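# Observations on chain architecture
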Amino acid sequence: MQHYFVDKQFGENENFWLSDEIFDHLIKVLKSNIGECIELVLPNQTILLSKIIDVDYDNKRVNFLGLKVIDFQVELPIKARIICGIPKGEKINWIVQKATELGVSEVYFVNMERSISNWSKNYAKKIQRLQKIAQSAAEQSHRLLIPKVSYCDSLIDVAKLQTDYKLIAYEETAKQGEHSKLAEIFHSIIDNKNNQIITAVFGPEGGISSDEIKKLSDLGYISVSLGPRILRTETAPLYFLSCLSYYLELFKRK
C-alpha cells in the first residue's frame, strides 16, 4: 500500500482533495484507480487510511475519503542523530537513504579535518536533494516522520546540540579490543522516557583526527567500538542504527 506524507490534518469520513506530487506519483506513475486505498501520514504522526473516490485529470488532483485513523508506532523509542564527516561521491545518498529506513531522526553532515569533499559553498541544493531522498525513503519504509538532513561547517557546533547520550565511533577503540562501551550506553538508556536523543559521530574516509577526538571528549562524548572489524564511512552509521534498533525494539522486548 502506498504511503505519503501530508501537511494538513484530515479525519475519518472527511472528503478532501490532494494534488501535485501525490497526483503525479499515484495516478500518472502507478496508474491507481478509484476505490484503491493508500496511507496518509498526518502532521500528528498518525496514519489515515484513505480511499480514492474521484480523479480530476484536468486540474491534476485526487479526491479522497478518510476511512480510519491508525495509531501504529514504527519509530525508534529514542531519537537517533548521526553526525557524519562528509564522504565523497554517492556514499552520502546511501547514508541518507538507508539511515532513514533504519529509523534515524536527524542526519548532519559536517566538514572534518580529513574530509575529502568540502561543502563550504553551494551546499543548499545538496541538502534539498538529500531531503527528498529522505522523504522517499521514509515513504518506502512506512515511517511516521521524515528525518531532517542538515549541514554544519563546524563539528563542535553541531556536537553541542542538546542530547542525552554522546558517542564517537572510533576505529582506534576497536583496534585496542574494547567492544563493551556501545552495549553499556544502550543499556543505560532509560525505558519509557520520552524525547530522549542519542547522538553518534562518524568520521569521513580518513577517519576522525586525534584533535577532533579530544575536542569531542571534552564535550562529554565517549569513544566506542563498532565491533572487531573496521567499517567504511558509509557502513558505520548503518551498523550503529541496526544495533540500536535490535537492542531497543527486539532484544529488550524478550
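First, a word on scope: everything that follows refers to the structure included in this document. (Residues numbered from 1 in each chain as written. Predicted model: local features only at pLDDT ≥ 70, side-chain atom pairs only at ≥ 80, totals over all residues. Heavy atoms only, no water.)

## As for the packing of aromatic side chains
This model, assessed by the stated rule, comprises 9 aromatic pairs. With a centroid separation of 5.9 Å and 25 degrees between ring planes, the pair formed by Phe16 and Phe64 is classed as stacked. Taken together, the positions of Phe16 in strand β2 (residues 15–19) and Phe64 in strand β5 (residues 61–70) put the pair 48 residues apart, joining distant regions of the chain. For the pair Phe16 and Phe64, a shared accessibility class is recorded, and that class is buried. Measuring from centroid to centroid gives 5.9 Å for Phe186 and Tyr247, while their planes differ by 35 degrees, and the two rings are tilted. Within this pair, whereas Phe186 is found in helix α6 (residues 181–188), its partner Tyr247 is found in helix α8 (residues 236–250), the two being separated by 61 residues in sequence. Since its relative accessible area comes to 13%, Tyr247 is described here as buried. Three or more aromatic residues link up through ring pairs in this structure, and these residues are Phe109, Trp119, Tyr123 and Tyr151. Across from the ring centre of Trp17, 4.0 Å away, lies the NZ or CZ of Arg61, which sits over that ring. (Phe/Tyr/Trp six-rings, centres within 6.5 Å; stacked < 30°, edge-to-face > 60°. Helix = DSSP H or I, 4+ residues; strand = E, 2+ residues; numbered from the N terminus. Buried < 20%, exposed > 50% of the residue type's maximum accessible area, 1.4 Å probe, protein only. Lys NZ or Arg CZ within 6 Å of the ring centre and 35° of its normal.)

## Things to note about the sheet that holds strand β6 (residues 79–85)
Here 6 strands make up an open sheet; going across it, the order is β8-β7-β6-β10-β9-β11 and the pairing parallel. With one partner strand each, in any of the chains shown, β8 (148–152) and β11 (222–224) form the two edges of the open sheet. Strand-to-strand twist in this sheet, taken as the mean axis angle between neighbours without regard to direction, amounts to 25 degrees. Sheet contacts for α8: β6, β9 (165–169) and β10 (197–202); angle to β10, the most-contacted strand, approximately 155 degrees. (Pairing = 2+ DSSP bridges. Axes fitted to C-alpha atoms, helices over the stretch in contact; angles between N-to-C directions. Contact = heavy atoms within 4.5 Å.)

## Description of the sheet that holds β2
In space, the 5 strands of this open sheet follow the order β1-β3-β4-β5-β2, with mixed pairing throughout. The open sheet is flanked by β1 (3–5) and β2, the only strands paired with a single partner. Geometrically, the sheet is characterised by an average inter-axis angle of 40 degrees between neighbouring strands, direction not taken into account. In this structure, β2 lies alongside β5, joined through 5 bridges in antiparallel fashion. Each bridged residue has a counterpart across the sheet, and for Ser19 the counterpart in β5 is Arg61. Along the sheet face, helix α1 (residues 21–29) touches β1, β2, β3 (37–41), β4 (47–56) and β5 and points at about 90 degrees away from the line of β5.

## Some remarks on the environment of Leu226
For Leu226, the location among the structural elements is in the loop between β11 and α8. When the C-alpha atoms of Leu226 and Ala236 are compared, they prove to be 7.4 Å apart, with 10 residues separating the residues in sequence. Excluding residues within four positions of it along the chain, Leu226 makes contact with Ala169, Leu182, Phe202, Leu231, Ala236 and Tyr239.

## So, the pairing of β10
With 6 of its 6 residues buried, β10 lies for the most part within the structure. The side-chain alternation of β10 yields two buried faces, one formed by Ile197, Thr199 and Val201 and the other by Ile198, Ala200 and Phe202. The sheet contact formed by β9 and β10 spans 4 bridges and is parallel. Bridging from a neighbouring strand, Tyr165 pairs with Ile198 of β10.

## Brief notes about the environment of Ser19
Relative to the helices and strands, Ser19 is located in strand β2. Sequence separation between Ser19 and Asp56 is 37 residues, and the spatial gap between their C-alpha atoms is 9.3 Å. Among all residues touching Ser19, those that are not within four sequence positions of it are Lys60 and Arg61.

## A closer look at α6
Since there are 3.6 residues in each turn of an α-helix, residues three or four apart along the chain are aligned in direction. Listing the buried residues of α6 in full gives Leu182, Ile185 and Phe186. When α6 is viewed along its axis, its buried side chains cluster within an angular range of 100 degrees and face the same direction. For α6, the elements touching its buried residues are β9, β10, β11 and α8. (Arc of directions from axis to C-beta.)

## Quick look at the nonpolar core
If you look at the biggest cluster of nonpolar residues, it comprises 38 residues, and the most contacted ones within it are Ile82, Phe109, Ile198, Phe202, Phe240 and Leu244. Top element by residues in this core is α8. It accounts for 7 residues. Dropping the residues within four chain positions of it, Ile82 is found in contact with Ile95, Ala99, Val104, Glu106, Val107, Tyr108, Ala200, Phe202, Pro237 and Phe240. Counting residues in each nonpolar core, the second largest holds 17 residues, with Val6, Phe16, Leu40 and Leu42 among its members. (Core = buried A, V, L, I, M, F, W, Y, C linked by side-chain atoms within 4.5 Å.)

## Here's the deal with unusual backbone geometry
The phi dihedral of Lys31 falls on the positive side, at around 55 degrees, and the residue is not glycine. Structurally, Lys31 can be placed in the loop between α1 and β3.

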